[in-house]
Amino acid sequence: MVTKKRVVSGKRSTGELHLGHYFGALKTWVSLQDQNQCFFFVADWHALTTDYQDPSSIEKYVLSNVADWLALEIDPKKSVIFIQSHVKEHAELYLLLSMMTPLGWLERNPTYKDQMKQLQNKDLSNLGFLGYPVLQAADILMYKGNLVPVGEDQIAHLELCREITRRFNYLYGDIFPEPESLLSPTPKIPGTDGRKMSNSYNNCIYLSDPKEVVTQKIMTMMTDPARKRRQDPGDPQKCPLFDLHEVYTESSVIKDVEQGCQTAKIGCIDCKKTLLERLLPWHASIYEKRQKYITKPKLIRDILEEGTKKATSEAQKTMGEVREKLKL
Ligand code: TRP
Ligand code: SF4
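Conventions and cut-offs
Residues numbered from 1 in each chain as written. Chains lettered and ligands numbered in written order. Predicted model: local features only at pLDDT ≥ 70, side-chain atom pairs only at ≥ 80, totals over all residues. Heavy atoms only, no water. Near = heavy atom within 4 Å. 1 Å grid on protein atoms, 1.4 Å probe; cavity = no way out; pocket = protein on both sides within 12 Å on 5 of 7 lines; lining within 4 Å. Sits in = over half its atoms within 2 Å of the grid points. Nonpolar A, V, L, I, M, F, W, Y, C, P; charged D, E, K, R; others polar. Domains from an automatic or database assignment. Contact = heavy atoms within 4.5 Å. Buried area = accessible area lost by both parts, 1.4 Å probe. Polar contact = N/O pair within 3.5 Å; in protein donor to acceptor, adjacent residues only side chain to side chain. Helix = DSSP H or I, 4+ residues; strand = E, 2+ residues; numbered from the N terminus. Points joined across faces, edges and corners; volume = space filled by probe spheres on them. Buried < 20%, exposed > 50% of the residue type's maximum accessible area, 1.4 Å probe, protein only.

Draft legend 1. Region of the structure containing the site of ligand 2. Ligand 2 sits among Thr223, Asp224, Arg227, Cys239, Leu241, Cys261, Cys268 and Cys271. At a threshold of 2 Å from the grid points, most atoms of ligand 2 map onto the largest cavity. Looking at the shell around ligand 2 residue by residue, the classes come out as five nonpolar, one polar and two charged.

Okay, here's the thing in structure tokens:
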């Protein structure tokens, strides 16, 4: 029998999920579920490393994010879905890994330096923030993960996780597979202002937006800035809306849009309507499923509880081996 590969991935609960999250990560998660044993969790402790001053927002997003996952068909029958902080073993493994992780590895971590610079409004000179990748390594090793679907920005963390894995195996005996990152394809998903779609830019189209809001956001979305009047020809390559056509619109129609824009045969309003004809039905099917869950938080909590049980049982097995290796 071929044993399924273990897939482990988490998402910080720091905001609502938007189209960028879907095309950058969740679409991959959904596609991995049949061939692998997947563990997907809300990394609420990781969210605390930066948002510890106001934890209320973290809690707010947990249920909403999980409702989105379920609506996208992250399926609790196939995958283990849970909240990181509900499986306390992650904290124990984090502590033990921290004993053998050299400080230099963490201080050199490029994401650490980068985030310190970018999030200057937050005080991040904390042990928890420095140890972020160690906690991430604990998350992955806990389930003996083989594959970790992540975005580009997490590659450095995965590399650190592999180093920690090798060091653990070398010091105490081989119990963990070296996890590999699985880079999700990252189509360009611009926000309504043309910059990368991101919670911090306030330019997102959320899975939780009602259709009127989606429509309004698309209808006012930035287009090729050089196309000022209806009769001016446009350049789709310079138009953020066209990037959305690339993911939603069938190629035969995309060609017409492209030519229509370049020759000023179509206006931006027509072009946006063509996009909405595709985007809205897709969005509605997710939105309806999401409503089903969000109006029954008990259903979500039951699913998470079930996931916590399965995750905990795996985690206890792993911790049994780890404690034995460390003579604890
Ligand atoms: N650091 C990841 C991010 O910000 C989230 C995360 C936490 C994670 N633990 C993980 C991802 C384990 C993959 C595996 O996206
Ligand atoms: Fe962009 Fe479409 Fe307008 Fe061209 S017609 S500038 S592709 S919105």
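Draft legend 2. Looking closely at the domain arrangement of the chain. When its domains are assigned, the chain resolves into domain 1 (5–189 + 297–325) and domain 2 (209–290). Taking the mean C-alpha position of each, domain 1 and domain 2 sit 35 Å from one another. Across the boundary between the two partners, domain 1 contributes twelve residues, which contact nine residues of domain 2. Summed over both partners, the interface of domain 1 with domain 2 comes to about 960 Å²; 65% of that surface belongs to carbon and sulfur atoms. Considering only the side of domain 1, the residues that lose the most area to domain 2 are Leu19, Ala71 and Lys188, jointly responsible for 43% of the buried surface there. Our enumeration of links across domain 1 and domain 2 arrives at three residue pairs in polar contact (both at pLDDT 80 or more). Elements that contribute at least two residues to the side of domain 1 that touches domain 2 include exactly helix H1 (19–32) and helix H3 (56–71). Residue contributions to the side of domain 1 that touches domain 2 peak at four residues, all from H3. Looking at side-chain class alone, the side of domain 1 that touches domain 2 contains eight nonpolar, one polar and three charged residues.

Draft legend 3. Seen up close, empty space enclosed by the protein. Counting across every chain of the model gives one cavity of 30 Å³ or more. Taken as a whole, the largest cavity encloses approximately 90 Å³ of empty space. Together, Thr223, Asp224, Arg227, Pro236, Cys239, Leu241, Phe242, Val257, Cys261, Cys268 and Cys271 line the largest cavity. Taken together, the elements giving at least two residues each to the lining of the largest cavity come down to helix H11 (240–248), helix H12 (251–262) and helix H13 (268–294). Among the residues making up the lining of the largest cavity, the classes are represented as eight nonpolar, one polar and two charged.

Draft legend 4. Inspection of the environment of Asn202 at higher detail. One can find Asn202 in the loop between strand S5 (180–183) and helix H10 (211–219). Of the residues examined, Asn202 reaches a relative accessible area of 71% and is grouped as exposed.

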